[in-house]
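For reference, the chains in residue letters:
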Amino acid sequence: QVQLVESGGGLVQPGGSLRLSCAASGFTFRRNTMRWYRQAPGKERELVATITSAGGSTNYRDSVKGRFTISRDNAKNTVYLQMNSLKLEDTAVYYCQGMDSWGKGTLVTVSS
């Protein structure tokens, strides 16, 4: 069965960095577009970044452009989200999505 397992969340100060990872299994990872979403407390889940199957195309929501980078390693069946210059408003549970499936999420807290 499809499994997506996120890791790398934690507590970071404003301006800091984190790298999220999502390990995928149970499907042909290299053929699938992968996405990162996030859900802040009291808000709806929102799309953060998308990467196509070969990694040739990426897209970001405006609020993270220039700060976040999505990438993938098809040999490791893993997608990453490098988050730099983190802001308080980036606090959320971050979810990996692909093959119509979701991970359980990893919490990112940006706080001074």
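Owing to the predicted nature of the structure, the values given are computational and were not obtained by experimental measurement. (Residues numbered from 1 in each chain as written. Predicted model: local features only at pLDDT ≥ 70, side-chain atom pairs only at ≥ 80, totals over all residues. Heavy atoms only, no water.)

Caption draft 1: Quick peek at the pairing of strand 8 (residues 78-83). Within strand 8, five of the six residues are buried, which leaves the element mostly enclosed by the surrounding structure. The antiparallel pairing of strand 7 (residues 68-73) with strand 8 creates a hairpin that spans four residues between the two strands, and asparagine 77 there sits at a positive phi of about 50°. (Buried < 20%, exposed > 50% of the residue type's maximum accessible area, 1.4 Å probe, protein only. Helix = DSSP H or I, 4+ residues; strand = E, 2+ residues; numbered from the N terminus. Pairing = 2+ DSSP bridges.)

Caption draft 2: Structural context of the state of the cysteines. Counted according to the given criterion, the structure contains one disulfide. Here cysteine 22 pairs with cysteine 96 through a disulfide, and the sulfurs are 2.1 Å apart. Measuring the twist about the S-S bond at about -80°, one finds the cysteine 22-cysteine 96 disulfide to be left-handed. One end of the pair, cysteine 22, is in strand 3 (residues 18-25); the other, cysteine 96, is in strand 9 (residues 92-98), with 74 residues separating them in the sequence. Classification of cysteine 22 by relative accessible area gives buried; the value is 0%. (Disulfide = S-S within 2.5 Å.)

Caption draft 3: Representation of the sheet that holds strand 7. Read across the sheet, four strands follow the order 1-3-8-7 without closing on themselves; strand pairing throughout is antiparallel. Sheet topology places strand 1 (3-7) and strand 7 at the edges, where each strand pairs with a single neighbour. The sheet shows a mean angle of 15° between the axes of neighbouring strands, taken without regard to direction. Relative to strand 8, strand 7 runs antiparallel, the two being bridged by six bridges. Bridging across to strand 8, isoleucine 70 finds its partner in leucine 81. (Axes fitted to C-alpha atoms, helices over the stretch in contact; angles between N-to-C directions.)

Caption draft 4: The nonpolar core, seen in detail. Grouped together as the largest cluster of nonpolar side chains are 26 residues, with contacts concentrated most on Trp36, Val79, Leu81, Met83 and Tyr94. Every element with two or more residues in this core is listed here: strand 3, strand 4 (34-39), strand 5 (46-51), strand 7, strand 8, strand 9 and strand 11 (106-110). Per-element accounting of this core gives the leading share, four residues, to strand 3. Discounting chain neighbours no more than four positions away, the residues touching valine 79 are Leu20, Ser21, Cys22, Phe29, Met34, Trp36, Ile51, Ile70, Ser71, Arg72 and Cys96. (Core = buried A, V, L, I, M, F, W, Y, C linked by side-chain atoms within 4.5 Å. Contact = heavy atoms within 4.5 Å.)

Caption draft 5: A look at the environment of tryptophan 36. Topologically, tryptophan 36 is positioned in strand 4. In this structure the C-alpha to C-alpha distance between tryptophan 36 and tyrosine 94, which are 58 residues apart in sequence, comes to 6.8 Å.

Caption draft 6: Region of interest: the pattern of salt bridges. Taken as a whole and assessed by the stated rule, the structure comprises five salt bridges. Between arginine 38 and glutamate 46 there is a salt bridge, and its shortest N-O distance comes to 2.7 Å. For arginine 38, a relative accessible area of 5% puts it in the buried group. Overall, the relative accessible area of 25% leaves glutamate 46 in the partly exposed class. With a shortest N-O distance of 3.5 Å, glutamate 46 and arginine 61 are connected by a salt bridge. Of this pair, glutamate 46 sits in strand 5 while arginine 61 sits in the loop between strand 6 (58-60) and strand 7, and the two are 15 residues apart along the sequence. Through salt bridges with shared partners, a single network forms among Arg38, Glu46, Arg61, Arg67 and Asp90. (Salt bridge = Lys/Arg side-chain N within 4 Å of Asp/Glu carboxyl O.)

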